[in-house]
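# Tertiary structure, described
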Amino acid sequence: MRLNRGPLPAAVRAELALERGERVLAAAPTRGGSHVTATLFALHLPTPAGGFTRVPWERVDHATWKEGWLHVRETSGGAEHHVRLTDPGSVPETVRERVTATIAVTHQATLPGGGKVRIAGRRPAAGGDVRWTFVFDAGLDPSDPGLRAQAEQVLEDLRRQTGL
């Protein structure tokens, strides 16, 4: 993996509040004058109010790089982040590599009641147990207890098959 060559400004580094053992892999300046920072454990995105949102790699459901914009969608709650980078450096490649590295298993299944669910098992970069997420087809209510029960049954079968 190619690391970003430019130094991260000290003020930005101080605001990140990195965890023990977390180190910066790549950073890129934003149009707003802040930085997007990719570390071993998480993606740090600037917020409109100042400061940063820390998104652990295993919580990044989808990330794309298009026309100077980094688009990130989180797994829990589906929060979306859109950041304009003025000089992306190695941030897009680093994001892709780190997100991919967390995936232990991904499986799409058709539910007995109709519709589909994508189940992903992701390992936190900092270590720990596999974390499971469900992403239901558009139009399905993820809070429907019957739908959740169907997805949980698919997950149990998947866990038995994979040993995770």
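Note that this is a predicted model, so its numbers are computed, not measured.

### A word on the pairing of strand β6 (residues 69-74)
The side chains of a regular strand alternate, residue by residue, between the two faces of the sheet. A one-sided burial pattern is seen for β6, the buried positions being L70, V72 and E74 and the unburied ones W69, H71 and R73. Sheet topology places strand β5 (residues 60-66) next to β6; six bridges connect them, and they run antiparallel. By the bridge assignment for β6, K66 is matched with W69. Between the antiparallel neighbours β5 and β6 lie two residues, among them E67 with a positive phi of about 50°. Here β6 pairs with strand β7 (residues 80-84) via five bridges, running antiparallel. By the bridge assignment for β7, V72 is matched with H81. As consecutive antiparallel partners, β6 and β7 are separated by five residues, and within that stretch G77 has a phi angle of approximately 85°, a positive value.

### Re the domain arrangement of the chain
Here the chain is partitioned into domain 1 (10-101) and domain 2 (103-162). Here the C-alpha centroids of domain 1 and domain 2 sit 25 Å apart. Contact residues are listed per partner, giving 11 residues for domain 1 and 10 residues for domain 2. Across the domain 1 to domain 2 interface the summed buried area is about 850 Å²; carbon plus sulfur atoms make up 47%. One salt bridge in this structure joins R131 and E58, with 2.6 Å as the shortest N-O distance. Across the domain 1-domain 2 interface, the total number found is six residue pairs in polar contact (both at pLDDT 80 or more). Every element with two or more residues in the side of domain 1 that touches domain 2 is listed here: β5 and α2 (91-102). When residues of the side of domain 1 that touches domain 2 are assigned to their parent elements, the largest contribution, four residues, is made by α2. Classifying every residue of the side of domain 1 that touches domain 2 gives six nonpolar, two polar and three charged.

### Details of the environment of R131
Position of R131 relative to the elements: it lies in strand β10 (residues 131-136). In sequence terms R131 and A104 are 27 residues apart; their C-alpha atoms lie 9.4 Å from each other.

### Description of α2
If you check α2, its first and last C-alpha atoms are 17 Å apart, about what 12 residues at 1.5 Å a residue would give, namely 16 Å. Looking at α2, one finds that the buried residues are V91, P92, T94, V95, R98, V99 and T102. Buried positions in α2, seen along its axis, are confined to an arc of 165° and lie on one side of it.

### Points about the sheet that holds β7
As summarised here, the arrangement of the three strands in space is β5-β6-β7, forming an open sheet in which the pairing is antiparallel. In this open sheet, the two edge strands, each paired with only one partner strand, are β5 and β7. Recorded for the sheet is a direction-independent mean angle of 15° between the axes of neighbouring strands.

Rules of the game
Residues numbered from 1 in each chain as written. Predicted model: local features only at pLDDT ≥ 70, side-chain atom pairs only at ≥ 80, totals over all residues. Heavy atoms only, no water. Buried < 20%, exposed > 50% of the residue type's maximum accessible area, 1.4 Å probe, protein only. Helix = DSSP H or I, 4+ residues; strand = E, 2+ residues; numbered from the N terminus. Pairing = 2+ DSSP bridges. Domains from an automatic or database assignment. Contact = heavy atoms within 4.5 Å. Buried area = accessible area lost by both parts, 1.4 Å probe. Salt bridge = Lys/Arg side-chain N within 4 Å of Asp/Glu carboxyl O. Polar contact = N/O pair within 3.5 Å; in protein donor to acceptor, adjacent residues only side chain to side chain. Nonpolar A, V, L, I, M, F, W, Y, C, P; charged D, E, K, R; others polar. Expected span 1.5 Å × (residues − 1). Arc of directions from axis to C-beta. Axes fitted to C-alpha atoms, helices over the stretch in contact; angles between N-to-C directions.

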